[in-house]
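# Structural overview for review
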Amino acid sequence: MAEAADFQSTMRSPARRWLRRTAAALVSVPLLAGLLHVSSAPTASAAEKVAADRPVDVSLDTLSPTTPVEGDTLTISGTVTNEGKQTVSGAQVDLRVGSRMSSRGEIDAVAKRGRFTPGSDGGALGGPYRIKIPTLAAGLSKDFSITVPVEKLNLDEDGVYQLGVSVSGRAGSTPYDQVLGIERTFLPWQPEATGKKTQFTYLWPLISSTHLSAETGSDDQQTPVFEDDDLAAELAPGGRLERLVSLGAELPVTWVVDPDLLATVDAMTRNYQVKEGTERVPGKNQAIAKQWLNALDKAVQGHKVIALPYADPDLASLAHRGKDVSGSLSHLQPATEVAETTVETILHVKPSVDFAWPVDGAVDPSIVDVATSAGADKLIARSDSIRDELPYTPNAARPIGGGTTAVVADAPLSTAFQGDMTGAGDSTLAVQQFLAHSLAVTQQQPGKQRSIVVAPQRLPTAAQAQSMATALRALSTQRWTQPSDLVAAAEAKPDDRATTKVPGAGKYPAKLRKQELPLQAFQDMKTTQDTLDNFKVILTAAYRVVTPFGNAINREMSTSWRGRAEPATAYRASVQQHLKDLTTEVQLIEKSDLTLSGRSATIPVTVQNQLLQGVDHLVLRLTSTKPTRLKLNGDDAVAELPVRIDGGHSQSVKFTASANANGPVPMTAQLYTEDGTPYGKPMSFTVKVSEITPTVMLVIAGGFLLLALAGIRMYTHRKRTAAREAEAESGAGTDTDAGTGAGAEPETPGAAARSDDPEQPSDPTPDTGAQSTDPSGQGEKVDR
């Protein structure tokens, strides 16, 4: 039967019902304070009255079909919960059909309405479509399900109708029945296709927070290092990003992709490491990453893909704070260029890079200027920022000057699923309200086709994505909408009556401004970029450093840091520190003081390169602080020599110095890049000069002369001694021969002088002769 229902007593499930019950209990406490302070009594009484008006909460968990046609049977199921303190007796659940909505504003007003309003909430169908509940004790819940043919709803004409489920009965000792609770939803009624369907563009964002660090391994593949491995949970079956891909693959959507997410997942498909404190451990989710990328590759084929600038930079933060720091805006153009290459390489589709998407579509003139500075000529805004005072919803595209087109997304449709969609009741209400607005847009000007765009939140949860998909599936019948894409929406003819004025800076939402990156963030980025620029010029393989750190700087200005100030600061500090550690791998080695003796000498200074790649284009400058005492390279106080060192090596750079006077001379060594920029810290040491004077040189020369003469005298003396010994040996031989002759007499002293015999050839030369002035011969004995 149509009125068949299955009742079950259940536990109190939704948290919001518990909060409502708690609030009701609090306001129902006797107001003792009212006796002490009269002015507080009316407020408390009003709260008590509201709680008494709606002691029963109604949740609509399912409504099927969401967009019925003639001949369908509508089924509504849900739960009623007694959140009051008194038992409800004689309760009955009724289905109520209200009047047809006349405007989108009325839809929003009904969604916000609280208490039951006779007349506005329509009459109960009653009869077989009424469910009776004899008693409902305080704190208990009962499920219900109502099934009714659509023709019984008395839907006279096409449009959006209010549909409500109410609970009436008697609470406690109340002697009469009253409506104790109601939940309202909307029923779009368009059984036949309209003549002019609305061109409907839905953006499907694939964006995540930052997970890659600036660190890479020392191997040829530069193994990436992740800050954490949390992305794997989003990619795994049931995860947020997995659901977005799985659901989006079946829907007519325009994919809006952050290329950094693609690059990060692509890095996960190979070897990668994950930080765990000071350690680096191997990542283990390659299979999950490959599966997700393969699924995405298939899903985007044949669809429009919009590539945001790399890492999805926060355009509003750049416009409001970053532009005051030199160099900040220069990151946008490279981020756009690498975005196109990344998407095309990984997904094998050519993306559009013409679109910029400020946070929540909120714009002002400075945001427009920044957004278009990198070449984008289309801006995704939102209708609660660029407002139209029109009785209908105009086309999304409108020119805002300077060749720029603002594609204004519809705010009610774009924000329809920003709440908590984990509960079936919340999801059902959001889906029906979304569908109601979409039909209302078409019926505002049924004879004029329009093009509208929906830009949901950047990071939808899995539950939000499921609700979005449910709503889009309901539109697949194309009775009042037909799918389009963002490129076509931007090219649609603008409505002549739509505003083209960008709101001033004072209109920018204060809530969003408070979430922006601080000025210090951009100053930190500048420091990192300056350090990188100074470092890369000396590297022989600069790409190994420029690419990972350039991407990391882009991530530092990502929109994903909004509301996460502390993690953002920690990430910037980590990038900066890692780069600093790399730069200090090329440094001067401290040296002890030197002593310089003499007029000239060589001063060595050692440069160490602990990087795994060579360094070049470096200059080592040595400065003498006292050139009158010690000069370099002849006559200079400063000397420079080029430095080129292979990875893992050191080089001793030698300078020529000349001394003029004694004393200590402080010296300073400093590395510079070839353009004159200091590199690293200076190194100081002292050279102690001990000069050699002419007088000291004469004394030293005299000493050497005396030593030489002494050597000659010793040599001469030895020669003379040798000669005497030779002569003595020769004389002894002659006497022996004479004594051996026959009859010879022994020679007596003076015999030769007294002899009158003729002189013999063997006789010695008389020593009475005149002394010769010629030098003595070798071995000759000379009397002195």
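Keep in mind it's a predicted model, so treat the numbers as computed, not measured. (Residues numbered from 1 in each chain as written. Predicted model: local features only at pLDDT ≥ 70, side-chain atom pairs only at ≥ 80, totals over all residues. Heavy atoms only, no water.)

### Structural notes on the environment of Val619
Looking at the element boundaries, Val619 is found in strand β26 (residues 615–624). Along the chain, Val619 and Thr677 lie 58 residues apart, while their C-alpha atoms are 9.9 Å from each other. (Helix = DSSP H or I, 4+ residues; strand = E, 2+ residues; numbered from the N terminus.)

### Looking at the sheet that holds strand β28 (residues 638–645)
An order of β24-β31-β30-β26-β28 is seen for the five strands of this open sheet, with the pairing classed as mixed. Edge strands, defined here as strands with exactly one partner in the open sheet, are β24 (594–597) and β28. With direction set aside, neighbouring strand axes in the sheet form an average angle of 30 degrees. Note that β26 and strand β30 (residues 663–673) share seven bridges and pair antiparallel. The partner of Leu622 across the bridge, within β30, is Ala669. (Pairing = 2+ DSSP bridges. Axes fitted to C-alpha atoms, helices over the stretch in contact; angles between N-to-C directions.)

### Some words on helix α13 (residues 424–444)
For α13, with 21 residues, the first-to-last C-alpha span of 30 Å sits near the 30 Å given by 1.5 Å per residue. Of all 21 residues in α13, 16 are buried; the element is thus mostly enclosed. (Expected span 1.5 Å × (residues − 1). Buried < 20%, exposed > 50% of the residue type's maximum accessible area, 1.4 Å probe, protein only.)

### Describing the packing of aromatic side chains
Working definition: an aromatic ring pair is given by the centre-to-centre distance plus the angle between the planes. Counted by the stated rule, this structure contains seven aromatic pairs. Here Phe226 and Tyr272 contribute two aromatic rings whose centre-to-centre distance is 4.9 Å and whose plane-to-plane angle is 55 degrees, an arrangement assigned as tilted. With Phe226 in strand β12 (residues 224–226) and Tyr272 in the loop between α7 (259–268) and β14 (273–276), the pair connects residues that are 46 residues apart, well separated along the chain. Here Phe226 matches Tyr272 in class, with each residue buried. Geometrically, the ring pair formed by Phe417 and Phe434 is tilted, given 5.4 Å between the ring centres and 40 degrees between the ring planes. A residue pair is termed long-range when its members are at least 10 positions apart, and Phe417 in the loop between α12 (411–414) and α13 and Phe434 in helix α13 qualify at 17 residues. (Phe/Tyr/Trp six-rings, centres within 6.5 Å; stacked < 30°, edge-to-face > 60°.)

### A look at the pattern of salt bridges
Considering all chains together, one arrives at 28 salt bridges under this definition. For Arg458, the salt bridge identified is with Asp312, shortest N-O distance 2.8 Å. Here Asp312 lies in the loop between β16 (305–307) and α9 (315–320) and Arg458 lies in the loop between β21 (451–454) and α14 (462–474), a separation of 146 residues in the sequence. Take Arg458 and Asp312: they sit in the same class, and that class is buried. A salt bridge links Arg621 to Glu640, with the nearest nitrogen and oxygen atoms 2.6 Å apart. You can see Arg621 sitting in strand β26 and its partner Glu640 sitting in strand β28, a full 19 residues away along the chain. Taken together, the shared-partner salt bridges connect Glu215, Glu227, Lys275 and Arg280 into one network. (Salt bridge = Lys/Arg side-chain N within 4 Å of Asp/Glu carboxyl O.)

### Describing the nonpolar core
Ile603, Val605, Leu620, Leu622, Leu630 and Met667 are the most contacted members of the largest nonpolar core, which has 73 residues in total. Within the second largest apolar cluster, 65 residues are counted, among which are Ala267, Ala289, Trp292 and Ala339. (Core = buried A, V, L, I, M, F, W, Y, C linked by side-chain atoms within 4.5 Å.)

### Describing the side chain of Glu516
On the secondary structure map, Glu516 appears in the loop between α16 (510–514) and α17 (519–536). Among the polar contacts made by the side chain of Glu516, one reaches the side chain of Arg321 at a distance of 2.7 Å. Each residue touching Glu516, except ones within four places of it in the same chain, is listed here: Ala316, Ser317, His320, Arg321, Tyr508 and Arg562. (Polar contact = N/O pair within 3.5 Å; in protein donor to acceptor, adjacent residues only side chain to side chain. Contact = heavy atoms within 4.5 Å.)

### Quick notes on the environment of Thr210
Along the chain, Thr210 falls in the loop between β10 (198–206) and β11 (212–216). Overall, Thr210 belongs to the buried group, its relative accessible area being 8%. The spatial distance from the C-alpha of Thr210 to the C-alpha of Ser560 is 7.4 Å, given a sequence separation of 350 residues. Residues contacting Thr210, with those up to four places away along its chain left out, are Arg555, Ser560, Trp561 and Tyr571.

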